[in-house]
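# Reading the structure
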Amino acid sequence: MASTQASARPCASGLIHVNVRHTTRYTVVGNHLSQHRELSLLAKGLALYLQSLPAGASVGIKSIASRHPESELRIATAMRELEAHGYLERTRERLPDGRIVPRTISYNRPGAEPEPVRTTTPPPPPARKAPPPPPLPPLPLAERHRAAAALLAELRVHDPRLLLSERDVHRLAPEVTAWLDRGSHPDAVRRTLCASLPDDIAHPAALLAHRLRTLLPPSLPTAPPPTPTSGPRFIECDDCRRPFPPPTPDGLCTDCRTAARAAA
């Protein structure tokens with residue numbers, strides 16, 4: 001039950017209000033109407049009645065008089081009072097079908113601009129967050145990179161801070177393979193990657209990628225191809241065994257060949 005409260009301190013004489021707060025079925029009326037000095041009480045009561053009716057209600061003189069003890073004449077007089085002071089406006093309007101109908105407008109505050117009708121738009125439902133995409137599967141690893149991947153995966157054994165994900169291992173394996181292809185021993189690669197590590201390693205994969213690219217050793221020089229041998233510079237004479245420069249068709253030096261011709 002709603003509680004009652006006195007709106008003013010009681011005094012020796014005069015009006016005392018005992019008010020109950022309305023929560024449903026009430027009409028707000030300004031004091032400019034209720035205390036209007038030039039309106040009759042009947043006109044004030046009619047204005048209050050009109051403001052309490054819903055839009056579209058029938059407010060002809062005969063309709064109002066049928067619901068109240070006042071006569072049609074008194075109702076018509078009160079309406080003219082309200083029209084004179086701006087609380088009521090009665091017009092006629094022609095409809096599209098040609099009929100003429102009365103229009104009655106009740107003003108709860110004459111002369112004031114009507115407030116725009118506020119339409120409350122319900123807030124949009126909160127957007128549902130899409131579930132995070134599943135992690136991408138690691139890329140297939142070529143056979144030639146398997147030794148490099150094993151080296152990278154074992155770095156955490158030497159330093160737990162160098163723990164790499166499987167995807168990082170697959171991404172960095174070709175970089176390690178480049179070291180191995182240039183003749184670097186796996187132990188040398190491992191020492192280079194684990195040496196002089198900083199105290200705080202936030203992204204081990206980025207640190208290793210930087211070292212693999214900036215410290216890449218050059219390729220080993222290739223041995224020159226062997227030069228073909230041109231044969232012995234001297235050969236022995238078949239007769240006197242003295243060395244002499246080739247070539248010769250019979251294996252004899254010049255002296256032995258001359259002596260053989262003379263004997264013949």
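Structure's up top.
The model shown is predicted, which means the values in this text are computed figures rather than measured ones.

A general feature of soluble globular proteins is that nonpolar side chains tend to end up buried together. The biggest cluster of nonpolar side chains holds 22 residues, and the ones touching the most others in it are Leu152, Leu155, Leu164, Leu172, Val176, Leu193 and Leu208. For this core, the secondary structure elements donating two or more residues are helix H5 (146-153), helix H7 (166-181), helix H8 (186-194) and helix H9 (204-214). Once residues within four sequence positions are removed from consideration, Leu152 is found in contact with Leu164, Val169, Leu172, Ala173, Val176 and Leu193.

Attention now moves to the layout of surface pockets. Looking at the largest pocket, its volume works out to about 540 Å³. Lining the largest pocket are 21 residues, with Ala57, Val59, Arg103, Thr104 and Ile105 sitting closest to its centre. Residue assignment for the lining of the largest pocket shows that the elements contributing at least two residues are helix H2 (41-52), strand S3 (88-94) and strand S4 (100-106). With five residues, the top contributor of residues to the lining of the largest pocket is S4. For the lining of the largest pocket, the per-class residue count stands at eleven nonpolar, seven polar and three charged.

For the rest of this paragraph, the subject is the pattern of salt bridges. For the structure on display, the rule yields ten salt bridges. With a closest N to O distance of 2.6 Å, Arg144 and Asp181 form a salt bridge. Highlighted residues: Arg144 in the loop between S4 and H5 and Asp181 in helix H7, separated in sequence by 37 residues. Like Asp181, Arg144 is exposed. When the shortest N-O distance is used, the salt bridge between Asp168 and Arg171 registers 3.2 Å. Of the two residues, Asp168 and Arg171 are both situated in helix H7; the distance of three residues between them amounts to about one turn of the helix.

Here we come to the pairing of S4. Where S3 and S4 come together, seven bridges link them in antiparallel fashion. Within S4, the residue paired with Arg94 across the bridge is Ile100. Hairpin remark: S3 followed by S4, antiparallel, with five residues in the connecting loop; positive phi at Gly98, about 95 degrees.

In this structure, Ser63 sits in helix H3 (residues 61-65). Relative accessible area serves as the criterion here: at 16%, Ser63 is assigned to the buried category. Of the polar contacts made by the side chain of Ser63, one reaches the backbone oxygen of Ser58; its length is 3.5 Å.

A word on the environment of Asp187. One can find Asp187 in helix H8. For Asp187, a relative accessible area of 36% corresponds to the partly exposed category. Spatially, the C-alpha atom of Asp187 lies 9.1 Å from that of Leu151, the residues being 36 residues apart in sequence.

What counts as what
Residues numbered from 1 in each chain as written. Predicted model: local features only at pLDDT ≥ 70, side-chain atom pairs only at ≥ 80, totals over all residues. Heavy atoms only, no water. Core = buried A, V, L, I, M, F, W, Y, C linked by side-chain atoms within 4.5 Å. Buried < 20%, exposed > 50% of the residue type's maximum accessible area, 1.4 Å probe, protein only. Helix = DSSP H or I, 4+ residues; strand = E, 2+ residues; numbered from the N terminus. Contact = heavy atoms within 4.5 Å. 1 Å grid on protein atoms, 1.4 Å probe; cavity = no way out; pocket = protein on both sides within 12 Å on 5 of 7 lines; lining within 4 Å. Points joined across faces, edges and corners; volume = space filled by probe spheres on them. Nonpolar A, V, L, I, M, F, W, Y, C, P; charged D, E, K, R; others polar. Salt bridge = Lys/Arg side-chain N within 4 Å of Asp/Glu carboxyl O. Pairing = 2+ DSSP bridges. Polar contact = N/O pair within 3.5 Å; in protein donor to acceptor, adjacent residues only side chain to side chain.

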